[in-house]
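Here is how the chains run, residue by residue.
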Amino acid sequence: MRSRALPALAFAAAALSAVVLSGCAAPASVTVGYEESSVTIEDGTELVIDFGEVNASVGSDWVMISEPDPSVLTHGEKVSEYAGEEGSVGGPSELAYRFTATGTGMTKVQFEYQFRGAVPDDPTEQRTALIDVSVE
């Protein structure tokens, strides 16, 4: 009788630990490139839109021009990480925007490439990114 009770208790303890630990885990994160047209994520998930390397020191930037529905995604946080050589000035950075899914539904987020604060005059340099986000 004792031999059956111990495995059952061990299983119950493991299941309880999994439930407790899942409540403490960091939210899941999904990263997509700005070229993607759509993404589906779960509620509570962090969405990272990756713009790759830009060089803000010469005026390159991606700007959010249409924000998502706040009942579906939080306002995007622009984050960049210097990618140039240590000690150098004016190098490139890795650029991304981070959002967190706040509820189920669909929304869109749109960005445009800007050079020195404006859309480039040359049509071959004009770029936009429109991503449909579905949260389940």
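Above: the structure in question.
Conventions used here
Residues numbered from 1 in each chain as written. Predicted model: local features only at pLDDT ≥ 70, side-chain atom pairs only at ≥ 80, totals over all residues. Heavy atoms only, no water. Salt bridge = Lys/Arg side-chain N within 4 Å of Asp/Glu carboxyl O. Helix = DSSP H or I, 4+ residues; strand = E, 2+ residues; numbered from the N terminus. Pairing = 2+ DSSP bridges. Axes fitted to C-alpha atoms, helices over the stretch in contact; angles between N-to-C directions. Core = buried A, V, L, I, M, F, W, Y, C linked by side-chain atoms within 4.5 Å. Buried < 20%, exposed > 50% of the residue type's maximum accessible area, 1.4 Å probe, protein only. Contact = heavy atoms within 4.5 Å.

> What exactly am I supposed to notice about the pattern of salt bridges here?
It is possible for side chains bearing opposite charge to pair when their charged atoms get close. The final tally for this structure, using the stated rule, is two salt bridges. Here Asp61 makes a salt bridge to Lys78, at a shortest N to O gap of 2.7 Å. Residue Asp61 is found in strand S4 (residues 60-66), and its partner Lys78 is found in strand S5 (residues 77-82); the two are separated by 17 residues along the sequence.

> Explain the sheet that holds strand S2 (residues 38-41) here, please?
Remark on secondary structure: sheet strands pair via backbone hydrogen bonds, oriented parallel or antiparallel. If you walk across this open sheet you meet the four strands as S2-S8-S7-S4, and the pairing is mixed. A strand with exactly one partner marks an edge of an open sheet, and here the two such strands are S2 and S4. On average, each strand axis in the sheet is tilted by 25° relative to the strand beside it, whichever way the strands run. Where S2 meets strand S8 (residues 128-135), four bridges bridge the pair, whose relative direction is parallel.

> Looking at this model, I keep getting lost on the nonpolar core. Mind explaining?
The nonpolar side chains of soluble globular proteins are, as a tendency, buried together. Leu47, Ile49, Phe51, Trp62, Phe99, Phe111 and Val133 are the most contacted members of the largest nonpolar core, which has 23 residues in total. When near neighbours in sequence (up to four residues on either side) are disregarded, Phe99 contacts Thr45, Glu46, Leu47, Ile49, Met64, Pro68, Leu73, Thr74, His75, Gly76, Val109 and Phe111.

> Got a minute to help me understand the pairing of strand S6 (residues 93-100) in this structure?
On any regular strand, side chains alternate: one points to one face of the sheet, the next to the other face. The sheet contact formed by strand S3 (residues 46-54) and S6 spans eight bridges and is antiparallel. If you follow Asp50 over to S6, its bridge partner there is Ala96. Bridge analysis of S5 against S6 gives six bridges, and the strand direction is antiparallel. Following the sheet pairing, Glu81 is matched in S6 by Glu94.

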